[in-house]
Amino acid sequence: MIRSTTVLCLRHRGQVAIAGDGQVTIGQTIVKAGARKIRKLYHDNVLAGFAGAAADAFTLFQRFEGKLEEHRGNLARAAVELAKDWRADRVLRRLEALLAVADREHSFIVSGTGDLIEPDDGLIGIGSGGAYALAAARALVAHSDLDAKGIVTEAMRVAASICVFTNDHISVEVL
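Below: a short report on this structure.

Calculation rules
- Residues numbered from 1 in each chain as written.
- Predicted model: local features only at pLDDT ≥ 70, side-chain atom pairs only at ≥ 80, totals over all residues.
- Heavy atoms only, no water.
- Helix = DSSP H or I, 4+ residues; strand = E, 2+ residues; numbered from the N terminus.
- Buried < 20%, exposed > 50% of the residue type's maximum accessible area, 1.4 Å probe, protein only.
- Contact = heavy atoms within 4.5 Å.
- Pairing = 2+ DSSP bridges.
- Axes fitted to C-alpha atoms, helices over the stretch in contact; angles between N-to-C directions.

**Some thoughts on unusual backbone geometry**
The phi dihedral of tyrosine 42 is positive, around 40 degrees, even though this residue is not glycine. Of note, tyrosine 42 is situated in the loop between strand E5 (38-41) and strand E6 (46-52). We note that histidine 43 has phi near 55 degrees; this positive angle belongs to a residue other than glycine.

Below is the structure:
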């Protein structure tokens, strides 16, 4: 299980939002509270967040940005090519991280095994608190009038109240 982070991505009412907590842990010790695990990529048209080892995630962000440039911002093509490289490359296969990536049309999870998953409902939760944030987001989508930013923020607060590897220093980006 990948610990030490929670990232939630949501497509709702024409908006796409991604949120990440700020906690970094080594073993059972919190070493940082305000890390940024999400970012905008490719001329601010793509959202990305990572769960897993920070150094591994930065390597993946760099590779993914290269794929986005190579494919002129085509998220689906860039994600497929990254997944193929991840599966085939000996160095990449050893990386322990997950990526959640989204643009206005698609949302994907890219896994350390080279899997590429596009969720049916446009909701992605990764990391140790991902399942809690995902469940809260699904409930809020169905039973609230919040916009995408409000939903990811509140769902992350729920995850932070449950998961010891998730804190309430929440960063949010919206398209």
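**Comments concerning the environment of phenylalanine 50**
Mapped onto the elements of the fold, phenylalanine 50 is located in strand E6. Assessed through its relative accessible area of 4%, phenylalanine 50 is described here as buried. Excluding anything up to four places from it in sequence, phenylalanine 50 contacts Thr5, Val7, Arg36, Lys37, Ala57, Phe61, Leu98, Leu99 and Ile126.

**Some thoughts on the sheet that holds strand E11 (residues 171-174)**
Overall, antiparallel pairing links the 4 strands, which are arranged E10-E1-E2-E11 in an open sheet. Two strands in the sheet have a free side with no partner beyond their single neighbour: strand E10 (124-127) and E11. Averaged over all adjacent pairs, the angle separating strand axes in this sheet is 10 degrees, with direction ignored. Inspection of the sheet shows strand E1 (residues 6-12) paired to strand E2 (residues 15-20) by 6 bridges, in the antiparallel sense.

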